[in-house]
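Summary of the model geometry
Below, each chain spelled out in residue letters.
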Amino acid sequence: MATPQQALHRQAVSPEAAALVARTPAVITPGHTFESVTETISHAVLSKRTPIGWFFGFAIAFILLMVLNVTIANLLFTGIGIWGNNVPVGWAFDIINFVWWIGIGHAGTLISAILLLFRQQWRTSINRFAEAMTLFAVACAAMFPLLHTGRPWLAIYWLFPYPNTMGLWPQFRSPLIWDVFAVSTYGTVSALFWFTGLVPDMATLRDRAKSPIAQKIFGMLALGWRGSARHWHRYEMAYLLLAGISTPLVLSVHSVVSFDFAVSVLPGWHATIFPPYFVAGAIYSGFAMVLTLAVPLRKFYGMEDFITMRHIHNMAKVMLVTGMIVAYGYANEAFFSWYSGNIYEQYMMYNRMTGPYAVFYWSLILINACMIQLFWFRKVRDNVGLLFILSLFVNVGMWLERFIIIVTSLHRDFLPSSWDMYQPTRWDFGMFAGTIGLFLALFFLFIRFLPAIAIFEMRTIVPQAKLSTEHHG
Amino acid sequence: MTHEADAPTVFGLMAEFETPDGLVTATEKARLEGYRKMDAYSPIPIEELNEALGLNRTRLPKLVFLGGILGGLGGYGLEYWTQVIAYPLNIGGRPFHSWPHFIPVTFETTVLGAALTAFVGMWALNKLPQPYHPVFNVPAFARASTDRFFLCIEATDPRFELDATRRFLQALHPVGVSEVAP
């Protein structure tokens, strides 16, 4: 129990602390009203004029998307021999990119679900496009293992339990099947959550659209939403429940992804640290991607009032924390392999640090363990341009991490006679670049045709939404 | 329209307010006045309206819990049936019913069952999608999804009387009161 003096003491804030509070930017620039928030966000969708930069960006994304189409066509026509992976490196770009993409998706769910449960108001203006990012990243991710089967049209009965004429069933003791269930559930739940959040905004767009076609399309998507208090009541409950359900889900998804490795007996994979280390890495890379998308979005769409420096700061801080958990994971891996006393484990680490792929190992240490320390400095967190560049580096660093985990463990395993080197082919790069194209193309379409920021949630944080205290709520 | 005489002439009366406060106060007063068949419409969720309208706790959480249980049982049952009965395989000498291997999928199907129930259940209880509703006949209602707050007292309420109810709503200082065509 605090005595009145202590309470009084706590009230008397030092000038430095008061200055710090004053320097903390708001989650929304003051002066906004229901109308101004609604107009600013819906204008980007309903406006007939598309910014010229949008066409430029979409064109680049579209070209890469065509690269993806060509790659997939060749892959299905020729077979997965066009990729560089071969015994002993049977998993390479396909699984590296799968883990990279699925990890990126995790930040979207963290922002939309976990931060909602923690009542973090700053999530409001970034949750919509972060959730969209999740969906698109999961779509890109799912493509890799599916195409790695070589015959995706047959993969259905290998992966999904349905009564087929051969009487075959999937093998549920394999982590790869767990992965199918985890990723497909994750994709489904993310889509439901995203669509649920969109419905009241669809109603807003339906009511504000001028063109009859837009009115019809948004009208259908709005499902007849009319803002009834009875509906809001259940809606808020469903939203909270979905957030509560998504929270363990998102933690489970990357844990299950890590089981793909940890359940095997390969040196460098068979480690108990994997699930938490993978989840932290996923959130770290995901926030890097949110920052990569948010910085240009707020600049080119004039959303600086909604995605303020507060959001940029907080995202940088989340990256700092999760980045250091990841760095702790690296230290742990090195310690385990030394402490295990097992020559295969020890050689794996020695090979990572000094072997043919050492340059990638040290690059990822440089980025994920050393460079991230810059985020301690307020000057760095204040510099949006620098943060954008650093976030791109983090995306690269996390990709390298997956490369190192997968390739260095496989290319030199127990038997030196089977050692070999892995080299990706241009089709590997084509497929990777292609999914980046798919991701960006979907994202460009999203910011043009759907509200990139949750309008109704933004309305709840403007001062107008505050009720006076006389009601017995 | 064959039964023109029986068809109600209005769906209800709708008052428009500028602030969430105005709407909550009006709803509380309408409830004190004895009106029950009414609904409030707002561009943001307002928790205080639940009490003002006398809304019960929704049964959605119970349904979601059931959905999760069913999903989990379904997932585990599927694994048991396929791995033990329909297609038993010896994997590294493990028992056919090697339950620890079945947990991850059981977890995922639990989540899936709960999430699908939350989604489908919420829209079903809300009776959405609904292609037509009379409140959209009021032109001012277009702002209900931006910055205006509405209270609609429906004609089916036993205390509803076109003139008396209109006078009551006018006394609440709304921006305006309009008849809602059915």
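Scoring rules and cut-offs
- Residues numbered from 1 in each chain as written.
- Chains lettered and ligands numbered in written order.
- Predicted model: local features only at pLDDT ≥ 70, side-chain atom pairs only at ≥ 80, totals over all residues.
- Helix = DSSP H or I, 4+ residues; strand = E, 2+ residues; numbered from the N terminus.
- Rg over C-alpha atoms; globule rule 2.2 N^0.38 Å.
- Buried ≥ 20, exposed ≤ 12 C-beta atoms within 10 Å, placed from the backbone.
- Contact = placed C-beta atoms within 7 Å.
- Expected span 1.5 Å × (residues − 1).
- Bend = angle between axes of the 7 residues up to and from the residue.
- Axes fitted to C-alpha atoms, helices over the stretch in contact; angles between N-to-C directions.
- Parallel < 35°, antiparallel > 145°, perpendicular 65-115°, else oblique.
- Left-handed = near helix turned anticlockwise from the far one by under 90°.
- Nonpolar A, V, L, I, M, F, W, Y, C, P; charged D, E, K, R; others polar.
- Pairing = 2+ DSSP bridges.
- Domains from an automatic or database assignment.
- Core = buried A, V, L, I, M, F, W, Y, C linked by C-beta atoms within 7 Å.

**Examining the overall build of chain B**
Across its full length, chain B holds 5 helices and 4 strands. Start at the N end of chain B and walk to the C end: the helices and strands fall as β-α-β-α-α-α-β-α-β. Radius of gyration (C-alpha) of chain B: 25 Å, far over the 16 Å computed for a compact globule of 182 residues. Counting only C-alpha atoms and orienting by the principal axes, one finds that chain B spans roughly 80 × 45 × 30 Å. Going through the 182 residues of chain B one by one, you find that 44% of them count as buried. Once local pairs closer than 6 in sequence are excluded, the contacts in chain B between residues at least 24 apart make up 82%.

**Some details on the overall build of chain A**
From N to C terminus, chain A includes 18 helices and 0 strands. Across its three principal axes, chain A shows a C-alpha extent of roughly 80 × 65 × 45 Å. Every one of the 473 residues in chain A was classed for burial, and the buried ones make up 47%. Taking contacts inside chain A between residues at least 6 apart in sequence as the whole, the part at least 24 apart equals 82%.

**Topic: helix H3 (residues 34–46) of chain A**
Residues and elements named next belong to chain A. The end-to-end C-alpha distance of H3 is 17 Å, a good match for the 18 Å that 13 residues give at a rise of 1.5 Å each. When the local axis directions of H3 are compared, the greatest deviation, roughly 25°, occurs at Thr40. Three or more residues of H3 are buried, namely Phe34, Val37, Thr38, Ile41, Ser42, Ala44 and Val45. Along its buried surface, H3 packs onto helix H8 (175–208), helix H17 (426–449) and helix H18 (455–459).

**Brief notes about the packing of helix H5 (residues 93–117) of chain A against H17(A)**
Residue and element names in this part refer to chain A. Axis separation between H5 and H17 bottoms out at 10 Å; the angle between their running directions is 15°. When the axes of H5 and H17 are compared, the pair comes out roughly parallel. Where H5 crosses over H17, the handedness of that crossing is right-handed. Counting all contacts with H5, which are made through Phe93, Asn97 and Trp101, the residues of H17 involved are Asp428, Met431, Phe432 and Thr435. Its residues assigned to classes, the contact of H5 with H17 shows 4 nonpolar, 2 polar and 1 charged.

**Quick look at the sheet that holds strand S3 (residues 149–154) of chain B**
Residues and elements named next belong to chain B. Strand order in the open sheet made by the 4 strands is S2-S3-S1-S4, with antiparallel pairing throughout. The open sheet has two free edges, formed respectively by strand S2 (38–41) and strand S4 (176–180), since each of these has just one partner strand. In this sheet, neighbouring strand axes are inclined to one another by 20° on average, regardless of whether the strands run parallel or antiparallel. By the bridge criterion, 6 bridges tie strand S1 (residues 12–17) to S3 in an arrangement that is antiparallel. For Ala15, the partnering residue across the bridge sits in S3 and is Leu151. Taken strand by strand, helix H1 (residues 20–32) contacts S1, S2 and S3, and its axis lies near 20° from that of S3.

**A short note on the pairing of S3(B)**
Residue and element names in this part refer to chain B. Of all the 6 residues making up S3, 6 are buried; the element is thus mostly covered by neighbouring parts of the structure. Of the two faces of S3, the one holding Phe149, Leu151 and Ile153 and the one holding Phe150, Cys152 and Glu154 are both buried throughout. Taken together, the 4 bridges between S2 and S3 define a ladder with antiparallel strand orientation. Note that in S3 the partner of Ala40 across the bridge is Leu151.

**Describing the domain arrangement of chain B**
Domains assigned within chain B are domain 1 (12–56 + 141–180) and domain 2 (60–125). The C-alpha-based centres of domain 1 of chain B and domain 2 of chain B are spaced at 45 Å.

**With respect to the nonpolar core**
Ranked by size, the top nonpolar core spans 182 residues in total, and within it A:Val290 and B:Ala118 carry the most contacts. Formed jointly, this core draws a minimum of three residues from each of two domains, domain 1 (12–56 + 141–180) and domain 2 (60–125) of chain B. Apart from residues lying up to four places away in sequence, B:Ala118 is in contact with A:Ala238, A:Leu241, A:Leu242, A:Ile245, B:Leu60 and B:Val64.

**Thoughts on the interface of chain A and chain B**
The partner chain B presents 60 residues to the 52 residues of chain A that form the contact. Elements represented by at least two residues in the side of chain A that touches chain B include exactly H3, H8, helix H10 (229–262) and H18 of chain A. For the side of chain A that touches chain B, the element with the highest residue contribution is H10(A), accounting for 16 residues. Looking at the side of chain A that touches chain B, its residues break down into 26 nonpolar, 18 polar and 8 charged.

**Considering the environment of A:Arg230**
Assignment of secondary structure puts A:Arg230 in helix H10. The exposure class assigned to A:Arg230 is partly exposed, which follows from the 18 C-beta atoms found within 10 Å.

**A short note on the pairing of S1(B)**
For S1(B), a buried count of 6 out of 6 residues is recorded, marking the element as mostly surrounded by other parts of the structure. Across the two faces of S1(B) the burial is the same, with B:Gly12, B:Met14 and B:Glu16 and B:Leu13, B:Ala15 and B:Phe17 all buried.

**Examining the packing of H5(A) against helix H11 (residues 274–300) of chain A**
Residue and element names in this part refer to chain A. In contact at an axis separation of 6 Å, H5 and H11 are set at 80° when each is read in the N-to-C sense. Relative to H11, the element H5 is oriented roughly perpendicular. The segment H5 lies against H11, with Gly103, Ile104, Gly105, His106, Ala107, Gly108 and Leu110 engaging Gly281, Ala282, Ile283, Ser285, Gly286, Phe287, Met289 and Val290. Here the contact of H5 with H11 is composed, by residue class, of 8 nonpolar, 7 polar and no charged.

**Concerning unusual backbone geometry**
Between A:Val87 and A:Pro88 the backbone carries a cis peptide bond, its omega angle lying at 5°. Within the fold, A:Pro88 resides in the loop between helix H4 (52–78) and H5. Note the cis peptide between B:Leu128 and B:Pro129, where omega equals 0°. Tracing the chain through its elements places B:Pro129 in the loop between helix H4 (99–125) and S3. The residue A:Arg119 is not glycine, and still its phi comes out positive at about 55°. Residue placement: A:Arg119 occurs in the loop between H5 and helix H6 (127–148). Backbone geometry places A:Leu223, a non-glycine residue, at a positive phi of 60°. Relative to the helices and strands, A:Leu223 is located in the loop between helix H9 (212–221) and H10. Residue class for A:Leu223 comes out partly exposed when judged on the 17 C-beta atoms lying within 10 Å of it.

**A look at H1(B)**
All names here are of chain B. The end-to-end C-alpha distance of H1 is 18 Å, a good match for the 18 Å that 13 residues give at a rise of 1.5 Å each. Residues of H1 that are buried: Pro20, Leu23, Val24, Thr25, Ala26, Thr27 and Ala30. The elements touched by buried residues of H1 are S1, S2, helix H2 (48–52) and S3. Backbone geometry just downstream of H1 places Gly34 in the positive-phi region, at approximately 110°.

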